[in-house]
Amino acid sequence: MAQKMLKFVTVEQRMPTKRSTAERAADFQEIYDRFSTSQAAEQAARCSQCGVPYCQIHCPLNNNIPDWLKLTAEGRLEEAYELASATNTLPEVCGRICPQDRLCEGNCVIERNFDSVTIGAVERYITDTAWDQGWIKPFTPKRELAASIGIIGAGPGGLAAAERLRRRGYEVHVYDRYDRIGGLLIYGIPGFKLEKEVVQRRAKQYVDSGVIFHLNFEVGRDATLQELRDRHDAVLIATGVYKPRDVAVPGAGLDNVVPALDYLIAANRVGLGDTVAAFTSGQLNAADRHVVVIGGGDTAMDCVRTAVRQGAKSVKCLYRRDRDNMPGSMREVKNAEEEGVEFIWLSAPQAFVGADGDGVGAVKAVLAQRMRLGSPDASGRRSPEAVKDSTFRIEADLVIKALGFDPEDLPTLFNAPELEVTRWGTVKVDHKTAMTNLDGVFAVGDIVRGASLVVWAIRDGRDAAAAIDKYLAARPARDARPRKRKVLVAAS
Ligand code: FAD
Ligand code: SF4
Ligand code: SF4
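Thresholds, definitions, all that
Residues numbered from 1 in each chain as written. Chains lettered and ligands numbered in written order. Predicted model: local features only at pLDDT ≥ 70, side-chain atom pairs only at ≥ 80, totals over all residues. Heavy atoms only, no water. Axes fitted to C-alpha atoms, helices over the stretch in contact; angles between N-to-C directions. Helix = DSSP H or I, 4+ residues; strand = E, 2+ residues; numbered from the N terminus. Parallel < 35°, antiparallel > 145°, perpendicular 65-115°, else oblique. Left-handed = near helix turned anticlockwise from the far one by under 90°. Contact = heavy atoms within 4.5 Å. Near = heavy atom within 4 Å. Polar contact = N/O pair within 3.5 Å; in protein donor to acceptor, adjacent residues only side chain to side chain. Areas by Shrake-Rupley, 256 points an atom, 1.4 Å probe, with all protein chains shown as cover. Nonpolar A, V, L, I, M, F, W, Y, C, P; charged D, E, K, R; others polar. Domains from an automatic or database assignment. Buried area = accessible area lost by both parts, 1.4 Å probe. Salt bridge = Lys/Arg side-chain N within 4 Å of Asp/Glu carboxyl O. Phe/Tyr/Trp six-rings, centres within 6.5 Å; stacked < 30°, edge-to-face > 60°. Buried < 20%, exposed > 50% of the residue type's maximum accessible area, 1.4 Å probe, protein only. Lys NZ or Arg CZ within 6 Å of the ring centre and 35° of its normal. Pairing = 2+ DSSP bridges. Disulfide = S-S within 2.5 Å. Expected span 1.5 Å × (residues − 1). Patch = residues over 30% accessible without salt bridge, like charges linked within 9 Å, V, L, I, M, F, W, Y side chains within 5 Å.

1. A short note on the packing of helix H5 (residues 77-87) against helix H8 (residues 119-133)
For the pair H5 and H8, the least separation of the axes is 9 Å and the interaxial angle reads 110°. Between H5 and H8, the angle falls in the class roughly perpendicular. Relative to H8, H5 is oriented so that their crossing is left-handed. Within the contact between the two elements, H5 uses Leu-77, Ala-80 and Tyr-81 and H8 uses Tyr-125, Ile-126, Thr-127, Thr-129 and Ala-130.

See below:
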């Protein structure tokens, strides 16, 4: 039934129902149920249809939120989907995993006294409905263009660009070193935030649309950047950031002190039905373990909650700042606490202690020290300082290091020393065109921004596709090749 808008005064904010913690701990399914049609319409109708919608301004994709909320309230869901997908290539993903409390919903003007409109949950509802109803079709173009584009990386940044360019009619090839499409959506982010079928049905849509994927293909091993440049009319680098930051304390090399992404990839692979030796052997499995996760970002939250589901005996999160100064989403911290995770704030590891003496064998404990927050650093965040004589011991037989990621050394890896990078190792681009210092080579997502968010990678991919289209259209006719269209194949 169509709803009148501006209902925030009379209708309370309601999120979709959360499953009980006992039920959640027993599987890797998403924790929120879906809105019913009437709930979605009622929640969408809380929007006050602002003349200057701050939600839209603070959405990295500038989604036309007020209009699709109104269409949802009126029951015009197919039109709502058309509008939502006009700016967002993966609306069902963003609706699930954007940190809405820091983006659209955190800036909704009715938030202060009445709680914001549940924008993310409505976006998810609209798009899941579109899938159920069969409104989402392959995006095969009406006309094929002669030019070919090579994209390195099948994560959200590469996929967003692939969709836009294929729609336009280009031949699009996506190269990825993994065996599945999705980047961190498939192997980083756990199923309880984003079920894998959601990523896989999108991946199928891309394949059905004629995007050509070369999986198990690692640029650097199977081809150089130059070979891709020879093969394609433009190349887009969307490789993400994967080099884990380490913790430089004694015992960091002990057995069962593991990097977060190794742990999460193993868990995701097992969930997808793969056999993972390091999981089967127990090395990357939290079952029956006392687990300590070090870090306070989204990756740390995903690790602690994965450990709960694997049947850990206890799960603790050690973070050197306090709750108000952690980078992870507050919603995720709350979910983790509900699921039984213990947060040890203002604490940092001093050493890992092994069973067979200090630096040998498997880890048995973490020695940690208390911290306090000092004056703000260059980024404005208060720096943690160690409290003297405050060492304490935590029993642990699995320690997961979730301290963030840096870029790999792409110029060396790609055998392209001429590719310019910043002093942090991210790829340098002209921010108006997304082009690197190499003609016809563009870059997007985490490899440009450093570890960021899915929604920013999509935004970059969308903008880079427009820039690539413009670049190719502006090329002098003599440069539009038949090139050496050498077929590139993975070595393994
Ligand atoms: P990626 O998703 O990393 O994709 C890069 C792809 O490039 C990968 O598939 C990789 O295999 C491929 N590749 C790399 N090198 C090569 C090579 N040499 N040759 C071929 N292929 C290559 N963001 C959110 O918004 N919400 C969240 O809840 C959230 N949770 C997260 C949880 C975890 C554990 C992590 C690690 C990140 C999380 N993020 C989250 C961040 C988000 O996943 C990233 O910002 C986003 O995926 C970046 O997209 P991308 O396309 O730039 O890179
Ligand atoms: Fe909000 Fe993210 Fe959707 Fe934008 S894409 S409306 S920030 S959930
Ligand atoms: Fe609606 Fe809130 Fe956006 Fe205003 S800021 S248009 S009330 S969702």
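Further notes follow.
2. Section: the site of ligand 1
Close to ligand 1 lie 34 residues; Ile-97, Gly-157, Asp-176, Lys-193 and Tyr-242 are nearest. Within the side chain of Lys-193, one N or O atom sits 2.8 Å away from an oxygen atom of ligand 1. Relative to its free-state accessible area of 1,000 Å², ligand 1 is covered by the protein chains to the extent of 98%. Going through the elements one at a time, helix H9 (156-168), helix H15 (298-310) and helix H19 (454-473) are the ones with two or more residues in the shell around ligand 1. Partitioned by chemical class, the residues of the shell around ligand 1 number 18 nonpolar, 10 polar and six charged. Each of two domains, domain 2 (148-241 + 407-473) and domain 3 (245-401), supplies a minimum of three residues to the shell around ligand 1.

3. Observations concerning the domain arrangement of the protein chain
You can read the domains of the protein chain as domain 1 (7-132), domain 2 (148-241 + 407-473) and domain 3 (245-401). Here the C-alpha centroids of domain 1 and domain 3 sit 32 Å apart. On the domain 3 side, the residues contacting the 14 residues of domain 1 number 14 residues. Both sides together, the interface formed by domain 1 and domain 3 hides about 1,100 Å², and carbon and sulfur atoms give 42% of it. Looking only at domain 1, the three residues that lose the most surface to domain 3 are Arg-24, Phe-28 and Asp-101, adding up to 38% of its buried area. Run the count over domain 1 and domain 3 and you get four salt bridges. Close ionic contact of Glu-338 with Arg-24 constitutes a salt bridge, the shortest N to O distance being 2.9 Å. Our count for the contact surface shared by domain 1 and domain 3 stands at nine residue pairs in polar contact (both at pLDDT 80 or more).

4. Structural notes on the packing of aromatic side chains
Tallied over the full model, the rule gives seven aromatic pairs. When the centroid spacing of 5.0 Å and the interplanar angle of 80° are considered together, the rings of Tyr-178 and Tyr-187 count as edge-to-face. Look at Tyr-187 and you get buried, because its relative accessible area is 1%. Within the aromatic cluster, the residues linked to one another by ring pairs are Tyr-178, Tyr-187 and Tyr-242. Over the aromatic face of Tyr-242 sits the side chain of Arg-177, whose NZ or CZ is 5.2 Å from the ring centroid.

5. Some points on the sheet that holds strand E11 (residues 363-376)
Paired through their backbone hydrogen bonds, the strands of a sheet run either parallel or antiparallel. Strand order in this open sheet of three strands is E10-E11-E12, and the pairing throughout is antiparallel. Edge positions in the sheet fall to strand E10 (347-354) and strand E12 (382-395), since each of these pairs with one other strand and no more. Along the sheet, successive strands turn relative to each other by an average axial angle of 20°, direction set aside.

6. Concerning the site of ligand 3
Taken together, Cys-47, Ser-48, Cys-50, Pro-53, Cys-55, Pro-66, Leu-69, Cys-108, Val-109, Val-117 and Ile-119 make up the full set of residues adjacent to ligand 3. Taken together, the residues of the shell around ligand 3 sort by class into 10 nonpolar, one polar and no charged.

7. Comments concerning unusual backbone geometry
The backbone of Gln-49 shows a phi angle near 55°, a positive value even though the residue is not glycine. Assignment of secondary structure puts Gln-49 in the loop between helix H2 (37-44) and helix H3 (54-57). Take Gln-49: its relative accessible area is 25%, and that puts it in the partly exposed class. Of note, Asn-216 is a non-glycine position whose phi angle comes to about 55°, a positive value. For Asn-216, the location among the structural elements is in the loop between strand E3 (212-214) and helix H12 (225-231).

8. Some details on the sheet that holds strand E7 (residues 290-294)
Pairing is parallel across the open sheet formed by five strands, whose spatial order is E6-E13-E7-E8-E9. Here the strands that pair on one side only, and so sit at the sheet edges, are strand E6 (257-259) and strand E9 (342-344). With strand direction ignored, the average angle separating the axes of adjacent strands in the sheet is 25°. Examined bridge by bridge, strand E8 (residues 314-318) and E9 share three bridges and lie parallel to one another. Of the residues in E9, the one forming a bridge with Lys-316 is Glu-342. Taken strand by strand, H15 contacts E7, E8, E9 and strand E13 (398-401), and its axis lies near 170° from that of E8.

9. Some remarks on the state of the cysteines
Evaluation of the coordinates by the stated rule reveals zero disulfides. The thiol sulfur of Cys-303 is not disulfide-bonded, and the nearest other cysteine sulfur, from Cys-317, lies at 9.1 Å. A relative accessible area of 0% places Cys-303 in the buried class.

10. Description of H8
Relative to the 21 Å expected for 15 residues at 1.5 Å per residue, H8 spans 21 Å between its end C-alpha atoms, a close match to the ideal helical length. Two residues or fewer after H8 comes Gly-134, characterised by a positive phi angle close to 75°.

11. Observations concerning H19
Given a rise of 1.5 Å per residue, 20 residues ought to cover 28 Å, and the 29 Å separating the end C-alpha atoms of H19 matches this to within 8%. A large share of H19 lies buried, amounting to 14 of its 20 residues.

12. With respect to the pattern of salt bridges
As enumerated under the stated definition, the model contains 42 salt bridges in all. Between Asp-233 and Arg-475 there is a salt bridge, with the nearest N and O atoms lying 3.1 Å from each other. With Asp-233 in the loop between H12 and strand E4 (234-237) and Arg-475 in the segment after H19, this residue pair connects regions lying 242 residues apart in the sequence. Across the pair, Arg-475 and Asp-233 agree in class, each one buried. Here Glu-395 makes a salt bridge to Arg-393, at a shortest N to O gap of 3.1 Å.

13. Details of a nonpolar patch on the surface
A cluster of nonpolar side chains, namely Val-52, Tyr-54, Ile-57 and Val-109, defines an oily patch on the protein surface of about 370 Å² accessible area. Among the residues examined, Ile-57 registers a relative accessible area of 47% and is labelled partly exposed.

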